[in-house]
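One letter stands for each residue in the lines below.
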Amino acid sequence: MTDTSDGTREKTTATSGPSPLALLRSAREQLVELTGLYPESLPRLEQTDDGWVLDAEVVELARVPESMSLMALYEVTLDPDGQLTGYRRIRRYERGRSDRG
């Protein structure tokens, strides 16, 4: 078990590392600390050979009405222990815009 920043304890094992929930929490906290942008959603978490990759959706520019706010999708890479190793913005769009198919 490991302690989290909010005082809760999460299960980890020597072979599997942090739980997916612990990885998401850690990535969110690290991204906020580096960018000042708070993720509204984390729609992707994927294990890779080098660790983990996740996507974080953030509000880059809040506007009124809210549907005109400028959103961004960031790709975040983590090492196997959940430490952020990099991030990059991969897309910007207005809130409420659907993906083009």
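None of the values given here were measured: they were computed from a predicted structure.

Rules used throughout
- Residues numbered from 1 in each chain as written.
- Predicted model: local features only at pLDDT ≥ 70, side-chain atom pairs only at ≥ 80, totals over all residues.
- Heavy atoms only, no water.
- Pairing = 2+ DSSP bridges.
- Helix = DSSP H or I, 4+ residues; strand = E, 2+ residues; numbered from the N terminus.
- Axes fitted to C-alpha atoms, helices over the stretch in contact; angles between N-to-C directions.

Novice: For the sheet that holds strand 5 (residues 70–78), give the residues involved together with the corresponding values.
Specialist: Ordered in space as 3-4-5-6, the four strands form an open sheet in which the pairing is antiparallel. The open sheet terminates on both sides in strands that have one partner only, identified here as strand 3 (39–48) and strand 6 (84–94). Each neighbouring strand pair of the sheet contributes to a mean axis angle of 20°, computed without reference to strand direction. Sheet analysis places strand 3 next to strand 4 (residues 51–61), joined by seven bridges and oriented antiparallel. Residue pairing across strands places P39 opposite V58, the latter belonging to strand 4.

Coordinates in, geometry out; function isn't part of it.
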